[in-house]
Amino acid sequence: MVASQFMPLDGANAVSQAMRQINPDVVAAYPITPQTAVVQNFSQYVADGIVDTEFVPVESEHAAMSACVGASAAGARVMTATSANGLALMWEVLYIASGLRLPIVMTVVNRALSSPLNIHCDHSDSMGARDSGWLQFYAESGQEAYDNTIKSLRIAESKDLLLPVMSCQDGFITGHGVERVGLLPDEAVREFVGSYEPELSLLDTDNPITVGAWDFTDHYFEHKRQQTEVMNASMALIESVCQEYEQLSERPQPILDCYGMDDAEYAIIVLSSTAGTTRSLVREMRAEGKKVGVLKPRLFRPFPATQIVDCIKNCKAVAVMDRAISFGAHKGMGPLFTDITSALYVAGECDLPVVNYIYGLGGRDTTPPMIATVFEDLEKVAATGDRGDLVRYVGLRG
Amino acid sequence: MAERIRVNLRDVIKPDERLAPGHRLCAGCGEPTVVRQILHAIETPVVLSTATGCLEVSTSVYPFTSWNVPWIHNAFENASTTITGAEAAFKALKRTGKIPEDKEITFIAFGGDGASYDIGLQFISGALERGHKFIYVCLNNEAYMNTGIQRSSATPKGADTTTTPAGSVIPGKPQWRKPFTRIMAAHDIPYVAQASPHNFRDLMRKAKKAAAADGPAVLNVMAPCPRGWRHSSDQTMAITELATDTCYWPLYEVEDGVVTVNYKPRDKKPVADWLRLQGRFRHLFRPANAWLVEEIQERVDSEWERLLREEECTQGKHA
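Every chain begins its residue count from 1, and numbering advances along the sequence as written. Working convention: letters from A go to chains and numbers from 1 go to ligands, in the order in which they are written. Only residues with pLDDT of 70 or above have their local features reported here, since the model is predicted, and side-chain atom pairs are shown and tallied only from 80 upward, although totals for entire chains, interfaces and linings are computed over all residues. Only heavy atoms go into the side-chain values, all of them from the structure, while hydrogens and water stay out.

S.K.: How would you summarise the sheet that holds strand S2 (residues 71-72) of chain B if you had to cite specific residues and measurements?
M.R.: Pairing between the strands of a sheet is mediated by backbone hydrogen bonds and can be parallel or antiparallel. At least two DSSP bridges between two strands are needed for those strands to be called paired. Put simply, DSSP marks the helices as runs of H or I at least four residues long and the strands as runs of E at least two long, and each gets a number from the N terminus on. Strand order in this open sheet of nine strands is S9(A)-S2(B)-S1(B)-S3(B)-S4(B)-S6(B)-S5(B)-S7(B)-S8(B), and the pairing throughout is mixed. Each edge of the sheet is formed by a strand with only one pairing partner; in this case those strands are strand S9 (210-211) of chain A together with strand S8 (258-261) of chain B. Inspection of the sheet shows strand S5 (residues 191-195) of chain B paired to strand S7 (residues 252-255) of chain B by four bridges, in the antiparallel sense. Bridging from a neighbouring strand, B:Gln194 pairs with B:Tyr252 of S7(B). Note on contacts: a residue pair qualifies if any of its non-hydrogen atoms lie within 4.5 Å across the two residues. Fitting a line to C-alpha atoms yields each axis, with helices limited to the stretch in contact; the angle taken between N-to-C directions then spans 0 to 180 degrees. Against the sheet, helix H2 (residues 31-41) of chain B engages strand S1 (46-50), strand S3 (106-112), strand S4 (135-140) and strand S6 (217-222) of chain B, with an angle of about 170° to S3(B). The strands that helix H4 (residues 79-95) of chain B touches are S1, S2, S3 and S4 of chain B; relative to S3(B), the one it contacts most, it runs at about 170°.

Below is the structure:
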């Protein structure tokens, strides 16, 4: 292990510090609130010669991801960052990056999608991209955003994986929230991520390659199966990189962050910053003797289905909190809920009552008293055996 | 003025084909001729990107490739940005010593007129403004040929396409084409040229100039489509030659703002001669549409005169 140096940093700055330490070859990015600080800070590192990076200040997010694809195919270590509508504009190229197996790492500072226009946090942006073939980490804090960024790069570039990774954090709440963040020494980060030595590159003009060929009906299906199998088989690799980073940083790097889950009767599953709010409530409730717990997946793609089922299967009732709606899904469920209920069914755990709570859309504050009502609901569900409404709302007026 | 660059026949008969024979482009398609001429003209190693379109789908059918040089296809609109990403990587990897400082690569993006005039215009504009050292080549066949001859903003007025069909009320495309070459030149980049494959010396000289430019360069090259233009596949070069003889497609270049018209026909032919060879303009020769041929002639004349004035003006300034 190596000692971290602690600094007061917001989540965006924590990520730009990680990017500075990684010193990527190419960053192509376009500013959008609340991601702007990531790009601004990094531009300063470029301007001051602190990094060797070629910064490509493109004219749109679509161009940002397009340039990332070109740079990554040319053998460069490539990073970028975006939010919300910017991510939506990249959509087409997200699938191209993953289909071409290009290990691009992108910070997503989560923000609501228009319309109506809203610049504040929810997860509708990255959740919409959950099927795009990118791995997805979600961070509760600036510290986790920093740690996830470094791990993401190492995981993305692993020869056995070669897939792009989104490292997500909550816009404003985490992105603009100043916290105590421990930074590893620069050399430790550079040693951890190592040098990127791709086997194939467009710039190797003596060994020309064709990238982005077109598949007729006779090959596309097989290629997509290969892609999904790589993703499906990646959990062991992800866990081993997380463990290695845990040893280096002396900070826990679980796939699932569990608190009170060993004996929890009532549990909330929630991503990112609201897990912190929930944990503080759980701590108080457990002091009062309530057997409650909180489970925060730090990894959403690939989905840690069996780990989640193992963690919650002995509960009496579980609430899944979603900061996004999967419009048109059954009852307008959220994406985390659909994945968890699917995982429970597949594992044969069909008797566990699970309720979905949509919360915090467009940056709506989610407070401990609001979360306390969720635990109250779960007690009622278990006591009466009546699950009631499958999809409910937290912090909604009227 | 840049140094005088000459092209001779030896440049055209190089044995190392960068675009291999056996690709699936149509007989008589202008695109492979243009691409081969450009790639023959450039001496350095090249890295290419190609927009979604005829050239792309006809040269990269998995598990085959027609490319003997590094080549990438990303999407329809972003061939320019993709190659600038590769160029950025080249700079970065030289800086960190992974690529030798003296390594030379010419980066080239190819796109059709749909990819250039329409869906990719913003991407090209951004790439030019950022000043990447690359060549953007528009393979201009004046419509979305790969998807079945739909109109683009490069389609000439009056042309019959599948989305501007010559009907009983509307005689083909109502609008004039977008002045793409002028828009490119308005970016004040080192080199912009309009060219045609029938004049291979001119096109190859322009490719060499584009490669030597100290910054971004754009070539807008006519590449007829026998399917879409409805002409016999052995008429491709004759049609491009006639496009320049009628001044419908002037050969010119803009170097650091100075316009040079490379070919001034001694005997400027009527544009109807060019239109008549192509089935897409057949309806214009009905008596009821004679006004449209006149209008096209007037527009071609006024654009030609404008170009000559621009040449006079800019050459004079630098005399």
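S.K.: I'd love a proper account of the environment of A:Ala67, names of residues and values included.
M.R.: By secondary structure assignment, the location of A:Ala67 is in helix H3 (residues 61-73). Separated by eleven residues in sequence, A:Ala67 and A:Val78 have C-alpha atoms that sit 9.5 Å apart. When residues no more than four places from it in sequence are discounted, the contact partners of A:Ala67 are A:Ala28, A:Val58, B:Thr81 and B:Gly85.

S.K.: Break down the domain arrangement of chain A for me, citing the residues and quoting the values.
M.R.: Residues and elements named next belong to chain A. Per the domain assignment, the segments of chain A are domain 1 (5-249) and domain 2 (257-394). With centres defined by C-alpha atoms, the gap from domain 1 to domain 2 works out at 28 Å. Each partner contributes residues to the interface: domain 1 has 29 residues there, and domain 2 has 26 residues. As a working definition, buried area equals the accessible area (1.4 Å probe) given up by two parts on being put together, with both sides summed. Here domain 1 meets domain 2 over a buried area of about 2,100 Å², counting both sides, of which 55% is carbon and sulfur. The largest share of the area that domain 1 buries against domain 2 comes from Arg130, Glu140 and Met235, three residues that together contribute 29% of it. Any carboxyl oxygen of Asp or Glu that lies within 4 Å of a side-chain nitrogen of Lys or Arg is treated as forming a salt bridge with it. The interface formed by domain 1 and domain 2 holds five salt bridges in total. For Arg279, the salt bridge goes to Glu140, with nearest N and O atoms at 2.7 Å. Under this definition, polar contacts are N or O atom pairs within 3.5 Å; protein pairs additionally need one hydrogen-donor-capable and one acceptor-capable atom, and for neighbouring residues in sequence, both atoms have to be side-chain atoms. The interface formed by domain 1 and domain 2 includes 13 residue pairs in polar contact (both at pLDDT 80 or more). When contributions to the side of domain 1 that touches domain 2 are tallied by element, the ones reaching two or more residues are helix H5 (124-128), strand S6 (135-139), helix H6 (142-156) and helix H9 (235-249). The element contributing the most residues to the side of domain 1 that touches domain 2 is S6, with five residues. A breakdown of the residues in the side of domain 1 that touches domain 2 according to their chemical character gives twelve nonpolar, eight polar and nine charged. Where each domain begins and ends is defined by an automated method or by a domain database. Polar here means any residue other than Ala, Val, Leu, Ile, Met, Phe, Trp, Tyr, Cys and Pro, which are nonpolar, and Asp, Glu, Lys and Arg, which are charged; Gly is therefore polar.

S.K.: Give a detailed account of the interface of chain A and chain B, specifying residues and quantitative values.
M.R.: Each partner contributes to the interface: chain A provides 42 residues, whereas chain B provides 44 residues. Between chain A and chain B lies a buried interface of about 3,300 Å² when both sides are counted; carbon and sulfur atoms form 61% of it. Remark: the boundary between chain A and chain B carries four salt bridges. Linking B:Lys98 and A:Glu197 is a salt bridge whose minimum nitrogen-to-oxygen distance equals 3.8 Å. Of all elements in the fold, only strand S3 (54-57), H3, helix H4 (84-99) and S9 of chain A reach the threshold of two or more residues within the side of chain A that touches chain B. For the side of chain A that touches chain B, the leading source of residues is H3(A), giving eight residues. By the bridge criterion, two bridges tie S9(A) to S2(B) in an arrangement that is parallel. Within S2(B), the residue paired with A:Thr210 across the bridge is B:Trp71.

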